[in-house]
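Chain residues, written in single-letter form:
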Amino acid sequence: MRSVLTALLLPVLGLAQMLTVTSGALDHQVFQRDAQDRAAITLQGTADGKAVEARVVAKKGGSGWKQIGKVEGTGWTGSINLATGGPYRLELRSGSATAAIDDLLVGDLWILAGQSNMEGVGNLAGVEAPNPLIHSFNQSDRWGIAQEPLHSLPDAVDRVHWRVNPETQQQERLEGEKLAEYIAKRKKGAGLGLPFAVEMLRLTGVPVGLIPCAHGGTSMDQWSPELKDKAGDSLYGATVRRVQVIGGKAKGILWYQGESDANPKEAPVFLTKFEKLVASFREDFGQPDLPFYYVQLGRHVSVSNAVEWNSVQESQRLAESRLGRGGMVAAINTALDDGIHVSTADQKRLGKNFAGLACHDLFPNVAACSGVKRGPRPVEAKTAGEGLIRVTYSEVNGALQAPGRVWGFTIHTAAGELFPAIYKAIVDPLDASAVLLYYGGKLPEGATLHYGAGKDPYCNLEDASQMAAPVFGPLPVL
């Protein structure tokens, strides 16, 4: 009986045809749209029919069957063109063989890079809810609907992210039970990427793809473009590789880093390295005006390196006018979930602040974006009569404001020493884009003004859009 059954099945099996897609699109993938709001997608695969046809299935519209490529030998190449939006289901057929790729989106891709506050170490409670039009290319190189935590270093494809096994002292990628145990015990991991994407989608209606690439505790030297040739053994190389895998282009980069460079050796050269990093990303992606948005360091509950911490913050403030397309978000008034990591609630706020900047810069025709400014930027500090300093700001949304009294300003000598003198600080009642500082005594020669001096200052000045005033100093008192 068994031999007869086998004989009957063989002719049927011999008629089966093959169709595979080996590159070009994966389930849940987001494609970066072009200037015409479309994405041209090139697919490759194998088949044993004569040609490959495709059709697009969508809730609104779609397309009929159309030949996209001929089979040469067993290989085929074809292309389709999708409009911004989705989700789309791409169905393919060749002879009697069929295949499908599900849940495709066309929109904007954003790279998330830097160290722990971009990786996300907020408590995994009250996190941003997922949205079906926001997907993530996780560090295992798989697409899916984005949800917290976005980053997962232990099972990443790129070895630079792997942990060191304490027994073997070798890097290893977590798999199986070890990975399941890590996931089950994880209590932290909320970042700003998903809140940013949710707000961008709300403002623009354009689907978003996130590319998490950050790694906690890393310095500018570890992110050096000079390590690109090491590919997945370097942070910069791994990031470039991941973007190339999904098409080689992105809408922009979100960056949060600098904590590891707040030391006597690295702080003086931070700005130079930062500018080189931005220029290298733009060159390697072939996008000379690639938008680059970053966070100015916030608080750190520590007694060490206060001078260098402020030095990095000032370098970040100065970089904004030098980097071209992009901008900075200040984090000095954020709450923490531990001694250095921004809380889940304020990661949401930083994400929304990023979205406000990107919306204004990149979507000038969207009504919800047109009125957004960068947030308070100090222009000058000038004496305005005896015992009074007036600090003026540009880029204020609405009016400056603070819960309770304005706090965070300090006067310093030319040598940088604290000169306690300010007894009152208020928003100017005649000009809500300025702050009035009342002080006693006589200012020292060469006096300077700081906002947010130290590593853990209390600063509460922001504008009507909850954009925080950035740390600055030294700023000459004119």
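Below is a summary of the structure that appears in this document. (Residues numbered from 1 in each chain as written. Predicted model: local features only at pLDDT ≥ 70, side-chain atom pairs only at ≥ 80, totals over all residues. Heavy atoms only, no water.)

**Here we look at the side chain of S152**
1) Next: Among the secondary structure elements, S152 is positioned in the loop between β11 (143–145) and β12 (163–164).
2) Next: The exposure class of S152 is buried, given its relative accessible area of 18%.
3) Next: Among the polar contacts made by the side chain of S152, one reaches the side chain of D155 at a distance of 2.6 Å.
4) Next: Once you skip the residues sitting within four places of it in the chain, S152 turns out to touch Q139, Y182 and R186. (Helix = DSSP H or I, 4+ residues; strand = E, 2+ residues; numbered from the N terminus. Buried < 20%, exposed > 50% of the residue type's maximum accessible area, 1.4 Å probe, protein only. Polar contact = N/O pair within 3.5 Å; in protein donor to acceptor, adjacent residues only side chain to side chain. Contact = heavy atoms within 4.5 Å.)

**Topic: the packing of helix α4 (residues 193–204) against helix α8 (residues 344–362)**
1) Next: Running from N to C, α4 and α8 cross one another at 40 degrees; their axes reach a closest spacing of 7 Å. If you check the angle between α4 and α8, you find them oblique. Handedness of the α4/α8 crossing: right-handed. Taking contact as the criterion, the partners of P195, F196, E199, M200, L203 and T204 in α4 are, on α8, Q347, K348, G351, K352, F354, A355, A358 and C359.
2) Next: Residue composition of the contact of α4 with α8, by class: eight nonpolar, three polar and three charged. (Axes fitted to C-alpha atoms, helices over the stretch in contact; angles between N-to-C directions. Parallel < 35°, antiparallel > 145°, perpendicular 65-115°, else oblique. Left-handed = near helix turned anticlockwise from the far one by under 90°. Nonpolar A, V, L, I, M, F, W, Y, C, P; charged D, E, K, R; others polar.)

**A closer look at the sheet that holds strand β21 (residues 409–412)**
1) Next: Pairing within the open sheet is antiparallel, and its three strands lie in the order β21-β24-β25. Two strands bound the open sheet, and with one partner strand each, they are β21 and β25 (472–476). The mean angle between the axes of side-by-side strands here comes to 25 degrees, regardless of whether they run parallel or antiparallel. (Pairing = 2+ DSSP bridges.)

**Remarks on helix α5 (residues 235–245)**
1) Next: For α5, the tally of buried residues reaches eight of eleven residues, placing the bulk of the element in the interior.
2) Next: Restricting attention to buried positions, one finds in α5 the residues L235, Y236, G237, A238, T239, V240, R242 and V243.
3) Next: Contacts made by the buried residues of α5 are with β8 (97–114), β10 (134–137), β15 (208–212) and α6 (270–284).
4) Next: Sitting at the amino-terminal end of α5 is S234, which places a side-chain oxygen 2.9 Å from the backbone nitrogen of G237.
5) Next: Looking one or two places after α5, you find G247, whose phi comes out positive at around 125 degrees.

**Observations concerning the sheet that holds strand β20 (residues 388–394)**
The strands making up a sheet associate through hydrogen bonds between their backbones, and the pairing can be parallel or antiparallel.
1) Next: Strand order in this open sheet of four strands is β19-β20-β23-β22, and the pairing throughout is antiparallel. Two strands close off the open sheet at either side, each with one partner strand: β19 (377–383) and β22 (422–427). Pairwise comparison of adjacent strand axes, ignoring direction, gives a mean angle of 20 degrees for this sheet.
2) Next: Pairing analysis gives six bridges linking β19 to β20, with the strands arranged antiparallel. In the strand pairing of β20, K382 is matched with R390.

**Focus: the environment of L323**
1) Next: Examined against the element boundaries, L323 turns out to sit in the loop between α7 (306–319) and β18 (326–330).
2) Next: If we skip the residues at most four places from it in the chain, L323 touches F274, E275, V278, R282 and Y294.

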